[in-house]
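Spelled out from the first residue to the last, the chains are:
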Amino acid sequence: MSRMTICACILQSVSPVVMAIGAFASTVRAQIGPPDLIADLVTANHILYDQGVVDGFGHVSVRNPANPERFFLSRARAPSMVEAADIMEFDLDGKPTGGPQDKPVFQELYIHAEVFRARPDVHGVVHSHSPAVVPFGVVKTPFRPVSQTGAFLCGGVPNFDLRDDFPDAPNLLVTSSAKGAALAKALGDRPVALMRGHGDTVAGASLKEAVYLAIFTEVAARLTSQAIMISGGGPITYLGDHESERNPPRRAKGASEGIDRNWEIWASEALARRTKR
Ligand SMILES: [Zn+2]
């Protein structure tokens, strides 16, 4: 039997198996969630990395539109490397309910679970160690916006300190439902909570809004820091609470032309840079 004949035989015998595996894989993918939403979640991971909000750490999730008691989140993987096959589904106790079951999960997935539990209005959550934001968690200077793009921060940014409720915790990570619930309580009805010595958590009415808010929280932190530095200790005219552009109808919708416009360019840039890597 020639090599070519052997190959043909193998192909004939393997093809049905390969097809079956392919069908199974696509079935699994179909079951994990709406393909467009899963694709957006993958893109959200790439955008947040490309925009410098996350590095090897940090994660983003979206509530399952078919079951509000479940949400989608990548397995523990660097956001820039996340693919559709990495997306898992969890319940609000942090238990995996779909997707790859044999992979490590994020220790801090309870952030997402408990924010989704406490906030029915929230459909997207970002947790990051957003570098320009972290300093505001360890100083007395309030984190207030100086720019229109940070107007959603008007009204105050709570600062969650894990040690308030868990003085004996070995680190500042949110690694249980109880710690996640404490964070969600500190967040209240706000879009952003600082996490002392750690980072921040952002809650959006949609996945895209959460990404938008996370990026512009990082931008706002840079701008406010610069204003403080160049003020030389002098007064700063922050945006007033009455100048916030957030309003209930837009927020309930979870989308706006501004969010979509930014998402389009962020996704395009992330894809271009990812392709070059
Ligand atoms: Zn963290």
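In this text the structure is predicted, and so the values were computed from the model without any measurement.

A.B. asks: Provide a residue-level description of the packing of aromatic side chains, including the pertinent values.
C.D. replies: Per the stated rule, a full pass over the model turns up six aromatic pairs. Ring geometry for phenylalanine 136 versus phenylalanine 143: centroids 4.7 Å apart, planes at 20°, classification stacked. Like phenylalanine 136, the residue phenylalanine 143 is buried in the burial classification. With centroids separated by 4.9 Å and ring planes inclined at 55°, the aromatic side chains of tyrosine 212 and phenylalanine 216 adopt a geometry described as tilted. Taken as a pair, tyrosine 212 and phenylalanine 216 lie in helix 6 (residues 207–231) at a separation of four residues, close to a single helical turn. When its relative accessible area of 12% is taken as the criterion, tyrosine 212 is described as buried.

A.B. asks: Break down the nonpolar core for me, with residues and values.
C.D. replies: Counting 42 residues, the largest nonpolar core has Ile47, Leu48, Phe72, Phe143 and Val211 as its most contacted members. Every element with two or more residues in this core is listed here: helix 2 (35–50), strand 1 (59–63), strand 7 (192–195), helix 6 and helix 8 (257–276). In terms of residue count, the dominant contributor to this core is helix 6 (eleven residues). Residues Val115, Val125, Phe160 and Leu162 belong to the second largest nonpolar core, which totals 25 residues.

A.B. asks: Residues and numbers for helix 8, please.
C.D. replies: Compared with the 28 Å implied by 1.5 Å per residue over 20 residues, the 29 Å span of helix 8 between its first and last C-alpha is a close match. Burial in helix 8 covers these residues: Ile259, Trp263, Trp266, Ala267 and Ala270. Looking straight down helix 8, one finds that the buried residues subtend no more than 105° of arc, so they occupy a single side. In this structure, helix 8 carries Glu257, Arg261, Glu264, Thr275 and Lys276 as exposed residues pointing more than 90 degrees from its buried face. Where the residues of helix 8 are buried, they touch helix 2 and helix 6.

A.B. asks: Please provide a residue-by-residue account of the confidence of the model for the chain, values included.
C.D. replies: Averaged over all residues, the pLDDT of the chain is 88; the fraction at 70 or higher stands at 85%. In this model residues 1–30 is a low-confidence stretch, pLDDT under 50, and it forms two contacts with partners more than four residues away in sequence or in other chains.

A.B. asks: Describe in detail the sheet that holds strand 7, supporting the description with residues and values.
C.D. replies: Think of a sheet as strands paired side by side through backbone hydrogen bonds, with each pair either parallel or antiparallel. Overall, mixed pairing links the eight strands, which are arranged 4-3-2-1-5-8-7-6 in an open sheet. One side of each edge strand has no neighbouring strand; the edge strands of this open sheet are strand 4 (96–98) and strand 6 (159–160). Bridging between strand 7 and strand 8 (residues 199–204) involves four bridges; their strand directions are antiparallel. Among the inter-strand pairings, methionine 195 is bridged to a residue of strand 8, identified as glycine 199. Lying on the sheet, helix 3 (residues 109–118) is in contact with strand 1, strand 2 (70–74), strand 3 (87–91), strand 5 (124–128), strand 7 and strand 8; it crosses strand 5 at an angle near 145°.

A.B. asks: Give a detailed account of the side chain of aspartate 200, specifying residues and quantitative values.
C.D. replies: Looking at the secondary structure, you find aspartate 200 in strand 8. Buried and unpaired, aspartate 200 has no salt bridge, with arginine 222 as the nearest side chain of opposite charge at 11 Å. In contact with aspartate 200, not counting residues within four places along its chain, are Val126, His127, Ser128, Ser130, Val133, Val192, Ala193, Leu194 and Met195.

A.B. asks: How would you sum up the coordination of the zinc ion? Please name residues and give values.
C.D. replies: All of the protein donors around the zinc ion are Glu108 (OE), His127 (NE2), His129 (NE2) and His198 (NE2); their distances to the metal are 2.0 to 2.2 Å. Angles of 95 to 145° at the metal separate the four donor atoms of the zinc ion, which places the site in the irregular class. Sequence positions of the residues that donate to the zinc ion give the spacing E-x18-H-x1-H-x68-H. Placement of histidine 127 in strand 5 and of histidine 198 in the loop between strand 7 and strand 8 is noted, with a sequence separation of 71 residues between them.

A.B. asks: Describe the pairing of strand 8, naming the residues involved and giving the relevant values.
C.D. replies: Strand 8 sits mainly inside the fold: six of its six residues count as buried. Side chains Gly199, Thr201 and Ala203 project from strand 8 onto one buried face, and the interleaved Asp200, Val202 and Gly204 project onto a second face that is buried too. Note: strand 5 against strand 8, five bridges, orientation antiparallel. The partner of valine 125 across the bridge, within strand 8, is alanine 203. Hairpin remark: strand 7 followed by strand 8, antiparallel, with three residues in the connecting loop; positive phi at glycine 197, about 70°.

A.B. asks: Tell me about the pairing of strand 2, residues and numbers included.
C.D. replies: Of all five residues making up strand 2, four are buried, and the element is well covered by its neighbours. Here three bridges tie strand 1 to strand 2, and the two strands are oriented antiparallel to one another. By the bridge assignment, arginine 63 is partnered in strand 2 with phenylalanine 71. Taking the residues between adjacent antiparallel strands as the criterion, strand 1 and strand 2 are bridged by six residues.

How each quantity is defined
- Residue indices follow the written sequence of each chain, beginning from 1 at its first position.
- In keeping with the predicted nature of the model, local features appear solely for residues at pLDDT of at least 70, side-chain atom pairs appear and are counted solely at 80 or more, and the whole-chain, interface and lining totals rest on all residues.
- Water and hydrogen atoms were dropped before computing side-chain values, which therefore reflect all heavy atoms in the structure.
- Here a pair means two rings of Phe, Tyr or Trp (six-membered ring of Trp) with centres within 6.5 Å. Their orientation is stacked below 30 degrees between planes, edge-to-face above 60, and tilted elsewhere.
- Only protein chains enter the accessibility calculation, which uses a 1.4 Å probe; a residue whose area is less than 20% of its type maximum is buried, one above 50% is exposed, and one in between is partly exposed.
- In DSSP terms, a helix is any run of H or I states spanning at least four residues, a strand is any run of E spanning at least two, and both are numbered starting from the N terminus.
- Throughout this description, the term nonpolar core refers to a set of buried Ala, Val, Leu, Ile, Met, Phe, Trp, Tyr and Cys residues connected via side-chain atoms within 4.5 Å.
- Here the expected length of a helix is defined as 1.5 Å per residue gap, with one fewer gap than residues.
- Of all possible arcs, the one meant is that of the directions from the helix axis to the C-beta atoms.
- Note on contacts: a residue pair qualifies if any of its non-hydrogen atoms lie within 4.5 Å across the two residues.
- Predictor confidence is given residue by residue as pLDDT, running from a minimum of 0 to a maximum of 100.
- The rule for pairing is simple: two strands pair if DSSP sees at least two bridges between them.
- Note on method: axes are straight lines fitted to C-alpha atoms, helices fitted across the in-contact stretch only, with angles between N-to-C directions ranging 0 to 180 degrees.
- The charge count treats Lys and Arg as positive and Asp and Glu as negative. His and the chain ends do not count.
- The term salt bridge refers to a pairing of a side-chain nitrogen on Lys or Arg with a carboxyl oxygen on Asp or Glu at a separation within 4 Å.
- Water is not among the atoms examined, so metal sites may look incomplete; donors are the N, O and S atoms within 2.8 Å of the metal, or within 3.2 Å for Na, K and Ca.
- Metal sites are grouped by the angles between bound donors: all angles between 85 and 135 degrees with four donors is tetrahedral, opposite donors over 155 degrees apart with the others between 65 and 115 is square planar for four donors and octahedral for six, and any other pattern is irregular.

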